Each structure stands twice: as C-alpha cells, then as structure tokens.
Amino acid sequence: MAVTSAASSEMIATSSILTFDLYQIHFKPNVGSSLRPLHASLTSAVQASPEVLIRVSHVMVGVWAIVMSCVACLWNGIGVSLNWLFLFSGTLYTSAVGPIVMSVIWRKQTRLAVILGALGGLCVGVICWLVVAKAYYGEVTIETTGMSHVAAVDTCE
C-alpha cells in the first residue's frame, strides 16, 4: 500500500510541476501577470483555462507514468535494485543538506559556498562509498556497492 501511495503522489506532484510550472507559464502564460517570462509575447497570448489545465494534468500523469516505467525497466535490465538506488540517492542528496541548512541559519553563507559545499560533499560521499565497497568486498560492482554496512560486517566476521 505504501509503495502505491508513494508512486501515486510522485506522479501527481510531477504532473503538477509539468502542468503549472512548465505548460501554464511557458506555453499558455497569463498575459497580464507580472511573473510571465520575457518570451511570453512570442508564445500564445491565450491563458489556459482551468478545464485545459486539468486535461493537460491528466496527460502529464500518463506521460510521466510511461517515462517512469521505461526508467524502471532500464534499472531492472541492468540489475540495479531498489536497495542500491536508495543507497545511491542517499549519497547523492545528503551532501546538499549541510550547505542548505547553513544558508538558512547563517546570514554570511554565500551561493558559491553552498554550491562548492554540496559538490565537495558529493565527491567525498561517493569516494567513501566506493572505498568501503572495495575494502569489504575487494571489488566495486553494483552488488558490492548495494550492500549495506551491516551486511558487510556480518559477512566479514
């Protein structure tokens, strides 16, 4: 049940982003809005009606479902499991948490520091992830990088 709910909420969130942040702003902008992009005069001057936005939202759900199905088949075809994806996404996204938090609580935090901190943390995280896989299993593969540290300790004992 939780997986279905998470997939559903991801599809709806992505559909909303594609509909309201892409389609409505760039393809059917509100001509009187001060937030319209500079190229709005080059695109259609007609604002999308609520009915059209609902229809586009439904189409975007279908498009996103097809895209995600293709990506899932690709991951499955090359042997990547959900465990590996969760470990990788944790390694990928965690490095940005510190710089983002510091930008909220520290006034002197600069844009460059946030970018370099996130990229530096990403590099250190990926290097550590690969070094641990090499140290515990002797090789770096999808299987060895997808195993958790607890599993590595249990096998080494």
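Conventions adopted
Residues numbered from 1 in each chain as written. Predicted model: local features only at pLDDT ≥ 70, side-chain atom pairs only at ≥ 80, totals over all residues. Heavy atoms only, no water. Helix = DSSP H or I, 4+ residues; strand = E, 2+ residues; numbered from the N terminus. Buried < 20%, exposed > 50% of the residue type's maximum accessible area, 1.4 Å probe, protein only. Contact = heavy atoms within 4.5 Å. Phe/Tyr/Trp six-rings, centres within 6.5 Å; stacked < 30°, edge-to-face > 60°. Axes fitted to C-alpha atoms, helices over the stretch in contact; angles between N-to-C directions. Nonpolar A, V, L, I, M, F, W, Y, C, P; charged D, E, K, R; others polar. Patch = residues over 30% accessible without salt bridge, like charges linked within 9 Å, V, L, I, M, F, W, Y side chains within 5 Å. Areas by Shrake-Rupley, 256 points an atom, 1.4 Å probe, with all protein chains shown as cover. Salt bridge = Lys/Arg side-chain N within 4 Å of Asp/Glu carboxyl O. Polar contact = N/O pair within 3.5 Å; in protein donor to acceptor, adjacent residues only side chain to side chain. Core = buried A, V, L, I, M, F, W, Y, C linked by side-chain atoms within 4.5 Å. Disulfide = S-S within 2.5 Å.

Enquirer: How would you summarise the overall build of the chain if you had to cite specific residues and measurements?
Expert: Along its length, the chain carries seven helices and zero strands. If you list the helices and strands of the chain from N to C, you get α-α-α-α-α-α-α. Considering the chain as a whole, with its 157 residues, one finds that 17% of them fall into the buried category. Across the chain, every contact between residues at least 6 apart in sequence was considered, and the portion connecting residues at least 24 apart equals 47%.

Enquirer: Explain the packing of aromatic side chains to me, and be specific about the residues and the numbers.
Expert: Across all of its chains, the model carries five aromatic pairs by this definition. When the ring of Trp84 is compared with that of Phe88, the centres are 5.2 Å apart and the planes differ by 10°; the resulting orientation is stacked. Of this pair, Trp84 and Phe88 both sit in helix 3 (residues 82-94), four residues apart, which is roughly one turn of the helix. Using a relative accessible area of 29% as the deciding quantity, one classes Phe88 as partly exposed. Ring pairs connect the aromatic residues Trp75, Trp84, Phe88 and Trp129, which therefore count as one cluster.

Enquirer: With reference to specific residues and values, describe the packing of helix 3 against helix 5 (residues 111-137).
Expert: For the pair helix 3 and helix 5, the least separation of the axes is 8 Å and the interaxial angle reads 145°. Residues Trp84, Leu87, Phe88, Thr91 and Leu92 of helix 3 touch helix 5, and the partners they reach there are Leu122, Gly125, Val126 and Trp129. Looking at the contact of helix 3 with helix 5 residue by residue, the class counts come to seven nonpolar, two polar and no charged.

Enquirer: Break down a nonpolar patch on the surface for me, with residues and values.
Expert: On the surface, Val59, Val63, Val67, Met68, Val71, Leu74, Trp75 and Ile78 cluster together into a nonpolar patch covering about 620 Å² of accessible area. Within the secondary structure, Ile78 sits in the loop between helix 2 (50-77) and helix 3. Judged by relative accessible area, which is 48%, Ile78 ranks as partly exposed.

Enquirer: Please set out the environment of Thr145 residue by residue, giving values where relevant.
Expert: By secondary structure assignment, the location of Thr145 is in helix 6 (residues 142-145). Thr145 sits 57 residues away from Phe88 along the chain, and the two C-alpha atoms are 8.7 Å apart. Here Thr145 is in contact with Trp84, Leu87, Trp129, Leu130, Ala133 and Val140, once residues within four sequence places are set aside. Of note is the side chain of Thr145, whose polar atom sits 2.8 Å from the backbone oxygen of Thr141. Within the local environment of Thr145, its side chain forms a polar contact with the backbone oxygen of Ile142, the two atoms lying 3.3 Å apart.

Enquirer: So, the nonpolar core: which residues are in play, and what are the values?
Expert: In this structure, Tyr23, Ala48, Leu53, Val56 and Met60 together form the largest nonpolar core, which totals five residues. Of all the elements, helix 2 adds the most residues to this core, at three residues.

Enquirer: Describe in detail the environment of His58, supporting the description with residues and values.
Expert: Tracing the chain through its elements places His58 in helix 2. His58 sits 39 residues away from Thr19 along the chain, and the two C-alpha atoms are 9.2 Å apart.

Enquirer: I'd like a rundown of the state of the cysteines, residues and numbers included.
Expert: Overall, the coordinates contain zero disulfides when judged by the stated rule. For Cys70, which is in no disulfide, the shortest distance to another cysteine sulfur is to Cys73 and amounts to 6.6 Å.

Note that all results are geometric; they support no functional claim without further evidence.
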